[in-house]
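# Architecture at a glance
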Amino acid sequence: MLMIKRLSLEDSKILVEGAKAKAEEIGVPMCIAVCDESGHLISFERMDGGKITSSIIAQDKAYTAAGAKRTTESYGTASQPGQPAYGINSAIGGRLMVVAGGVPVVVDGEVVGAIGISSGTPAQDHECAQAGVDRFLATL
């Protein structure tokens, strides 16, 4: 029997809270998106002061991390001129993100969803996304 593991709405709330707590700690209001394993949005929160343009970017980071089953940051180097994935950022209607801030959520070796963060620097976005994943995994 095929058993698909995916994040629930309640799971997404834990991820958002973990990311939001880190964002508050570093003083950067973020846009936070959580999607299921197929890249479909489960939840989204734009903190007060989060950049308007970052709303879509956060969702696309989550989409990329879930669909590609890897961090968006990992595409950064691979997508540069002369590298094997050069030009991939224009794939899928431009939704594929190559900037840090998208992190897959892996449970028992399977990607069950992802979180995408935007509004800070790439390093800040990644730090907040990882904090969300860490908070969620601590509940398992």
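Parameters and conventions
- Residues numbered from 1 in each chain as written.
- Predicted model: local features only at pLDDT ≥ 70, side-chain atom pairs only at ≥ 80, totals over all residues.
- Heavy atoms only, no water.
- Helix = DSSP H or I, 4+ residues; strand = E, 2+ residues; numbered from the N terminus.
- Rg over C-alpha atoms; globule rule 2.2 N^0.38 Å.
- Buried < 20%, exposed > 50% of the residue type's maximum accessible area, 1.4 Å probe, protein only.
- Contact = heavy atoms within 4.5 Å.
- Areas by Shrake-Rupley, 256 points an atom, 1.4 Å probe, with all protein chains shown as cover.
- Axes fitted to C-alpha atoms, helices over the stretch in contact; angles between N-to-C directions.
- Parallel < 35°, antiparallel > 145°, perpendicular 65-115°, else oblique.
- Left-handed = near helix turned anticlockwise from the far one by under 90°.
- Salt bridge = Lys/Arg side-chain N within 4 Å of Asp/Glu carboxyl O.
- Core = buried A, V, L, I, M, F, W, Y, C linked by side-chain atoms within 4.5 Å.
- Phe/Tyr/Trp six-rings, centres within 6.5 Å; stacked < 30°, edge-to-face > 60°.
- Lys NZ or Arg CZ within 6 Å of the ring centre and 35° of its normal.
- Pairing = 2+ DSSP bridges.

Looking now at the overall build of the chain. Counting its secondary structure elements, the chain contains 4 helices and 4 strands. Counted from the first residue to the last, the chain has its helices and strands arranged as α-β-β-α-α-β-β-α. Its C-alpha atoms give the chain a radius of gyration of 14 Å, near enough to 14 Å, the size a compact globule of 140 residues would have. Counting only C-alpha atoms and orienting by the principal axes, one finds that the chain spans roughly 45 × 40 × 20 Å. Residues classed as buried in the chain amount to 44% of the 140 residues present. Counted over contacts in the chain with a minimum sequence separation of 6, partners at least 24 positions apart contribute 64%. As displayed, the chain offers around 7,000 Å² of accessible surface, 55% of which is attributable to carbon and sulfur atoms.

Let's shift gears to the packing of helix 1 (residues 9-26) against helix 4 (residues 122-137). Following both chains from N to C, one finds helix 1 and helix 4 inclined at 135°, their axes separated by 7 Å at the closest point. Of the possible angle classes, the one that applies to helix 1 and helix 4 is oblique. The interaxial crossing formed by helix 1 with helix 4 has right-handed handedness. Residues Asp-11, Ile-14, Leu-15, Glu-17, Gly-18, Ala-19, Ala-21, Lys-22, Ala-23 and Ile-26 of helix 1 pack against Gln-124, Glu-127, Cys-128, Ala-131, Gly-132, Val-133, Arg-135 and Phe-136 of helix 4.

Here we come to the pattern of salt bridges. When the charged atoms of two side chains with opposite charge come close together, those side chains can pair. Overall, the coordinates contain 9 salt bridges when judged by the stated rule. Put simply, Arg-95 and Asp-60 hold a salt bridge, and the shortest N to O gap is 2.7 Å. Taken together, the residues Arg-95 in the loop between helix 3 (73-78) and strand 3 (102-107) and Asp-60 in helix 2 (residues 54-68) connect sequence positions 35 residues apart. By relative accessible area, which is 29% here, Arg-95 ends up partly exposed. One network of salt bridges, with partners in common, ties together Lys-5, Asp-108 and Glu-110.

Leu-7, Leu-15, Met-30, Ile-32, Val-105, Ile-115 and Ile-117 are the most contacted members of the largest nonpolar core, which totals 20 residues. For this core, the elements supplying multiple residues, two or more each, are helix 1, strand 1 (31-36), strand 3, strand 4 (110-118) and helix 4.

What follows is about the packing of aromatic side chains. Summed over the entire model, instances satisfying the criterion amount to 0 aromatic pairs. The ring centre of Tyr-75 lies 4.2 Å from the NZ or CZ of Arg-70, which sits over that ring. Its guanidinium or amino end placed over the ring of Tyr-63, Arg-95 lies 3.7 Å from that ring's centre, counting from NZ or CZ.

On the basis of which strands lie adjacent, the open sheet formed by 4 strands has the order 2-1-4-3 and antiparallel pairing. Edge positions in the open sheet fall to strand 2 (41-46) and strand 3, since each of these has one partner strand only. Ignoring which end each strand starts from, the neighbouring axes of this sheet average 15° apart. Of the strand pairs in this sheet, strand 1 and strand 2 are connected by 5 bridges, and their pairing is antiparallel.

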